[in-house]
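So the chains spell out like this:
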Amino acid sequence: MFMNFELGIDLGTANILVYSKEKGIILNEPSIVAINKHSHEVVAVGMDAKQMVGKTPENIRVVSPLKNGVIADFDVTAMLLKHVMKLSAKKLGLSFRKPSVIICAPSGSTSVEQRAIIDAVRSCGAKQVELIEGPVAAAIGAGLPVDEPIANVVVDIGGGTTEVAIISFGGVVSCQSIRIGGHKFDEDIIQYIRKKYNLLIGERTAEQIKMDIGYAPCDHEKESIEIRGRDLVSGLPKNITIYSTEIQESMKEDLFHILEAIRATLEDCPPELSGDIVDRGVILTGGGALLNGIEDWLSEEIVVPVMLAPSPLESVAVGTGKSLKMLSRMKKRIG
């Protein structure tokens, strides 16, 4: 069943990554497509399309076809995947038209949503498609021994969802999935600045603010940044200075929702595995794991060690590709 897979794909809300066992990560592009409204042709995909966000004329629509970890626009997702698979073949120097693909799906996704992911990949010409749960792929990519009978706790903070899972012996023991991630933090920042300063900023500006001076709810040295946007009163461009403490405040509520999901997952943990969690701690993956101070804050709140995965942004894609070997080993052991 699991054989001769050529590509592992992390179909994320924010980014789409492709892993090849020969070359590792061969592609990392934003999950964004720019389309001509009149001709319905693809104008740009990935990074080129991201550069166009908020800057396009009326006839061009820039779309993120994935929302909260699932497909919101099937046709546009198919276009994105077709482009990604063509690029991947080019980078690998292969002429294959029908690659075998293993792709990750959010653990909370329904059978309908999973079917949509499989159909989207098959519509691009994939010969064989298999799904793997996101948290399991993240744990494998972070180098955790998921096929052992010990507790591996993963918190994957992606663009659209945060998934918290306890994995043991190749399967998910306890899991929580909430639709809060990097994009929600960006929205929080946009709304806060709009409400407090009557200033409208775009998604890209909000993301940059989050990366530069975004902090988890912990003590830190106050930082500032100058931003520009459109004044909602005068309608003219305006510059203001904002501080890291304000950005911290704007994201606080959603960060506490993530903390609640981690606590709920740990409360569901079987007693036999609880001791492993105290010893081994929690691993953070996904782009949201790069938020300043999040490790220290979570560690203080849940009173167990919290560590960042070696390559948090790439963990799911790497784990998706590497999962084949682990799955076949697991099948042998069980069978």
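Everything numeric in this text was worked out from a predicted model, so none of it was measured.

### Some remarks on the side chain of Thr 285
Now for step 1: Relative to the elements of secondary structure, Thr 285 occurs in strand E17 (residues 282-285).
Now for step 2: A polar contact is formed between the side chain of Thr 285 and the side chain of Asp 156, at a distance of 3.0 Å.
Now for step 3: The residues touching Thr 285, leaving out its near neighbours within four places in the chain, are Ala 138, Ala 142, Val 154, Val 155, Asp 156, Ile 157, Ala 309, Pro 312 and Ser 315.

### Some points on the packing of aromatic side chains
Now for step 1: For the coordinates displayed, the defined rule picks out 1 aromatic pair.
Now for step 2: With a centroid separation of 5.5 Å and 90° between ring planes, the pair formed by Phe 256 and Trp 297 is classed as edge-to-face. Of this pair, Phe 256 sits in helix H7 (residues 244-267) while Trp 297 sits in helix H9 (residues 294-302), placing them 41 residues apart in sequence.
Now for step 3: Relative accessible area serves as the criterion here: at 30%, Phe 256 is assigned to the partly exposed category.
Now for step 4: Under the relative-accessibility criterion, Trp 297 is labelled buried at 4%.

### Quick word on the environment of Glu 272
Now for step 1: For Glu 272, the position within the fold is in helix H8 (residues 271-280).
Now for step 2: Note on Glu 272: relative accessible area 74%, which makes it exposed.
Now for step 3: When the C-alpha positions of Glu 272 and Arg 122 are compared, they lie 41 Å apart, and in sequence the two are 150 residues distant.

### A short note on the sheet that holds strand E11 (residues 152-157)
Paired through their backbone hydrogen bonds, the strands of a sheet run either parallel or antiparallel.
Now for step 1: The strand order across the open sheet built from 5 strands is E13-E12-E11-E17-E18, with neighbouring strands paired in mixed fashion. Because the sheet does not close on itself, it has two edges, and the strands there are strand E13 (171-178) and strand E18 (306-308). For this sheet the average axis-to-axis angle between neighbouring strands, irrespective of direction, equals 20°.
Now for step 2: Sheet topology note: the E11/E17 ladder contains 4 bridges and is parallel. Directly across from Val 155, in E17, lies its bridge partner Leu 284.
Now for step 3: Strand contacts of helix H4 (residues 134-141): E11, strand E12 (162-168), E13 and E17, with the helix running at about 70° to E12, the strand carrying the most contacts.
Now for step 4: Contacts between H9 and the sheet are confined to E11, E17 and E18, with E18 contributing the most and set at about 160° to the helix.

### Focus on the sheet that holds strand E6 (residues 60-63)
Now for step 1: Taking strand neighbours across the sheet as the criterion, the 3 strands line up as E5-E4-E6 in an open arrangement whose pairing is antiparallel. Strand pairing shows two members of the sheet lacking a second neighbour, strand E5 (42-45) and E6, which therefore form its edges. Mean inter-strand twist for the sheet, computed between neighbouring axes without regard to direction, equals 20°.
Now for step 2: Note that strand E4 (residues 33-36) and E6 share 4 bridges and pair antiparallel. By the bridge assignment, Ile 35 is partnered in E6 with Arg 61.

### Overview of helix H3 (residues 111-122)
Now for step 1: Counted at 1.5 Å a residue, the expected span for H3 with its 12 residues is 16 Å, and the 16 Å between its end C-alpha atoms agrees.
Now for step 2: Buried within H3 are the following residues: Ile 117, Ile 118, Ala 120 and Val 121. For H3, the arc enclosing every buried residue in end-on projection is 160°, short of the 170-degree limit, so these residues lie on one face. H3 presents Ser 111 and Val 112 as exposed residues on the side facing more than 90 degrees away from its buried surface.
Now for step 3: Contacts from the buried residues of H3 go to strand E1 (7-11), strand E8 (70-71), helix H2 (74-92), strand E9 (100-105) and strand E10 (128-133).

Definitions and cut-offs
- Residues numbered from 1 in each chain as written.
- Predicted model: local features only at pLDDT ≥ 70, side-chain atom pairs only at ≥ 80, totals over all residues.
- Heavy atoms only, no water.
- Helix = DSSP H or I, 4+ residues; strand = E, 2+ residues; numbered from the N terminus.
- Polar contact = N/O pair within 3.5 Å; in protein donor to acceptor, adjacent residues only side chain to side chain.
- Contact = heavy atoms within 4.5 Å.
- Phe/Tyr/Trp six-rings, centres within 6.5 Å; stacked < 30°, edge-to-face > 60°.
- Buried < 20%, exposed > 50% of the residue type's maximum accessible area, 1.4 Å probe, protein only.
- Pairing = 2+ DSSP bridges.
- Axes fitted to C-alpha atoms, helices over the stretch in contact; angles between N-to-C directions.
- Expected span 1.5 Å × (residues − 1).
- Arc of directions from axis to C-beta.

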